[in-house]
Amino acid sequence: MVYPGVGGVDSIRIVEESDPVAGPGQVRVRVHRAGINFADLMMRQGLYGSNPDYPFTPGYEAAGKIMDVGEGVEGLSPGDRVLAMTGFGGYSEQVVLDGSRVIPLPDSMSFDQAAAIPVTYGTAYHMLVHLGNLSGGETVLVHHAAGGVGTAVAQICKAYGTSLIVGTASAPKREFVESLGMRFVDREAEDFVEVCKSMTGGKGVHHAIDPVGGSHVMRSYKALRRGGKLYVFGASSAVKGDKRSRLTALRMWLSTPSFDPLKMMSSNKAVFGVHMGLLDDESVFSGHLEDLSGMLLRGDIDPVIDSVWRFEQVAEAQMHIHDRKNRGKVLLDFSPQ
Ligand SMILES: NC(=O)c1ccc[n+]([C@@H]2O[C@H](COP(=O)([O-])OP(=O)(O)OC[C@H]3O[C@@H](n4cnc5c(N)ncnc54)[C@H](OP(=O)(O)O)[C@@H]3O)[C@@H](O)[C@H]2O)c1
């Protein structure tokens, strides 16, 4: 699947190419499931900033079976079920990548679960556990609470014994968000800063997770208690429908606040900028995946799969996210038929 250039969902092309070959140190994987992330939508609109030049194939994560291994690869064999950390290129029937970027799957882990974990849970875990040192009894604010990252945040928080998760989303998702143990906030009708304050005796929350960008970031900062931590990791307010709107993106950019370190000092608040695709040390992320795999096997987490779409339906699948209909993770099915 290829993004030929900036465009709407109708710009995505399905192309036939010759089979890739695994070189030294590489493996070739037959993809069964690929994860769709919000970032894929932003890349298609030219709003992402750190994707390859067009044309390119998106897809950070995939799960499937090893077809063959290149010279020098040890511990992996054809037929092994694996998670493939593709970086890009996951929206494909076959991918070739370094052997170090695949992780063998336990028998009990399905391809759906595997493809749903890396970006959403990896990001949530990185922010709350790795950077935030999340501990029992703490309080958390999360936006897009019903989405891929949002559902991961809810499960990780529950596993760590947080006492309150405030989750914002659009109105039809109330029941779903509440079923995940969060205090639902209708993002159009309620003031989440007020809710965070009133539910914490006026103090505010320990952690606020903001993927919205723009002026929303300052509201999330205000929802924090003294000593609280804000994680800025997205800019969804730059997106308006499936076609790029330069004006919407510009508005988001111009309204994003700057922080004064002296003011932050006096409130002991911290602001983290997080981009998992640009981590320098890959071992940090593999450590997260190992911990998350343990949590999954213990039953602490279990990805919520919104839907699985045959790969030919990629435009509908991405539109489903643009239309804010997803509750959990959206996957593409590339399995042989
Ligand atoms: N920095 C990183 O490394 C990193 C990694 C992973 C994800 N992220 C960011 O985290 C956010 C969530 O990612 P995700 O992949 O889990 O996606 P997701 O939450 O499943 O995304 C879809 C949901 O986002 C909400 N939304 C808010 N603004 C929207 C808009 N302009 N258009 C469409 N939907 C919008 C909608 O729900 P409601 O309106 O009901 O809330 C929609 O259902 C994204 O902003 C993404 O870029 C960043």
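Keep in mind that this is a model prediction, so the values were computed, not measured. (Residues numbered from 1 in each chain as written. Predicted model: local features only at pLDDT ≥ 70, side-chain atom pairs only at ≥ 80, totals over all residues. Heavy atoms only, no water.)

Undergrad: Could you clarify how one ought to interpret the overall build of the protein in this entry?
TA: Helix and strand counts for the protein come out as 11 helices and 13 strands. For 337 residues, the compact-globule estimate of 2.2 N^0.38 gives 20 Å, and the C-alpha radius of gyration of the protein, at 20 Å, lies within 12% of that figure. For the protein, the spread of C-alpha atoms along the principal axes amounts to about 60 × 45 × 40 Å. Carbon and sulfur atoms form 51% of the exposed surface of the protein, whose accessible area is close to 15,000 Å². Looking at the protein, you have 33 positive and 38 negative side-chain charges, and the mean spots of the two groups are 10 Å apart. (Helix = DSSP H or I, 4+ residues; strand = E, 2+ residues; numbered from the N terminus. Rg over C-alpha atoms; globule rule 2.2 N^0.38 Å. Areas by Shrake-Rupley, 256 points an atom, 1.4 Å probe, with all protein chains shown as cover. Lys, Arg positive; Asp, Glu negative; His and termini not counted. Charge placed at Lys NZ, Arg CZ, Asp CG, Glu CD.)

Undergrad: Got a minute to help me understand the sheet that holds strand E10 (residues 224–232) in this structure?
TA: Sheet strands pair via backbone hydrogen bonds, and the direction of the pair is either parallel or antiparallel. Pairing in this open sheet of six strands is parallel, and the strands run E8-E7-E6-E9-E10-E11 from one edge to the other. The open sheet terminates on both sides in strands that have one partner only, identified here as strand E8 (183–186) and strand E11 (270–273). Averaged over all neighbouring strand pairs, the angle between strand axes comes to 15°, with direction disregarded. Sheet strands touched by helix H3 (residues 118–131): strand E6 (139–142), strand E9 (205–210), E10 and E11. Its angle to E10, the strand with the most contacts, is close to 145°. Sitting on the sheet, helix H4 (residues 148–159) touches E6, strand E7 (164–169) and E9, and the angle it makes with E6 is about 170°. (Pairing = 2+ DSSP bridges. Axes fitted to C-alpha atoms, helices over the stretch in contact; angles between N-to-C directions. Contact = heavy atoms within 4.5 Å.)

Undergrad: For this particular structure, what's the right way to read the domain arrangement of the protein?
TA: Accessible area lost when the parts come together is the quantity often used to give the size of an interface. Domain boundaries in the protein define domain 1 (9–117 + 303–333) and domain 2 (119–277). The C-alpha centroid of domain 2 is placed 27 Å from the C-alpha centroid of domain 1. Of the residues lining the interface, 25 residues belong to domain 1; the matching set on domain 2 comes to 24 residues. Summed over both partners, the interface of domain 1 with domain 2 comes to about 2,000 Å²; 56% of that surface belongs to carbon and sulfur atoms. Counting the surface domain 1 buries against domain 2, the share from its top three residues, Gln45, Arg324 and Arg327, is 28%. Our enumeration of links across domain 1 and domain 2 arrives at one salt bridge. The residue Asp10 makes a salt bridge to Lys243 at a minimum N-O spacing of 3.9 Å. The interface formed by domain 1 and domain 2 includes 16 residue pairs in polar contact (both at pLDDT 80 or more). Looking at the side of domain 1 that touches domain 2, the elements that each hand over two or more residues are helix H1 (38–44) and helix H11 (314–322). For the side of domain 1 that touches domain 2, the element with the highest residue contribution is H1, accounting for three residues. Considering only residue class, the side of domain 1 that touches domain 2 consists of 11 nonpolar, seven polar and seven charged. (Domains from an automatic or database assignment. Buried area = accessible area lost by both parts, 1.4 Å probe. Salt bridge = Lys/Arg side-chain N within 4 Å of Asp/Glu carboxyl O. Polar contact = N/O pair within 3.5 Å; in protein donor to acceptor, adjacent residues only side chain to side chain. Nonpolar A, V, L, I, M, F, W, Y, C, P; charged D, E, K, R; others polar.)

Undergrad: What is the right way to look at a nonpolar patch on the surface in this model?
TA: Judged by side-chain polarity, Leu247, Leu250, Trp253 and Leu254 come together as a nonpolar surface patch covering roughly 500 Å² of accessible area. Within the element layout of this structure, Trp253 appears in helix H8 (residues 246–255). (Patch = residues over 30% accessible without salt bridge, like charges linked within 9 Å, V, L, I, M, F, W, Y side chains within 5 Å.)

Undergrad: Got a minute to help me understand the site of the ligand in this structure?
TA: Near the ligand, the surroundings consist of 23 residues, among which Val149, Ser170, Lys173, Met276 and Asn326 are the closest. His144 is positioned such that a nitrogen or oxygen atom in its side chain is 3.3 Å from an oxygen atom of the ligand. One of the side-chain N or O atoms of Arg324 is found 2.8 Å from an oxygen atom in the ligand. Considered on its own, the ligand offers 910 Å² of accessible surface; in the complex 94% of this is hidden by protein. Broken down by secondary-structure element, the contributors of at least two residues to the shell around the ligand are H3, H4 and H11. Per-class residue counts for the shell around the ligand are 10 nonpolar, 10 polar and three charged. If you count residues domain by domain, the shell around the ligand takes at least three from each of domain 1 (9–117 + 303–333) and domain 2 (119–277). (Near = heavy atom within 4 Å.)

Undergrad: How do you make sense of the packing of H3 against helix H10 (residues 282–297) when you look at a structure like this?
TA: When two helices pack together, their arrangement is given by the angle between their axes and by how far apart the axes lie. For the pair H3 and H10, interaxial distance at closest approach is 9 Å and the crossing angle is 100°. Our classification of the angle between H3 and H10 gives roughly perpendicular. Touching Pro118, Tyr121, Gly122, Tyr125, His126 and His130 of H3 are Val284, Phe285, His288, Leu289, Asp291, Leu292 and Met295, all from H10. Of the residues belonging to the contact of H3 with H10, the class tally is eight nonpolar, four polar and one charged. (Parallel < 35°, antiparallel > 145°, perpendicular 65-115°, else oblique.)

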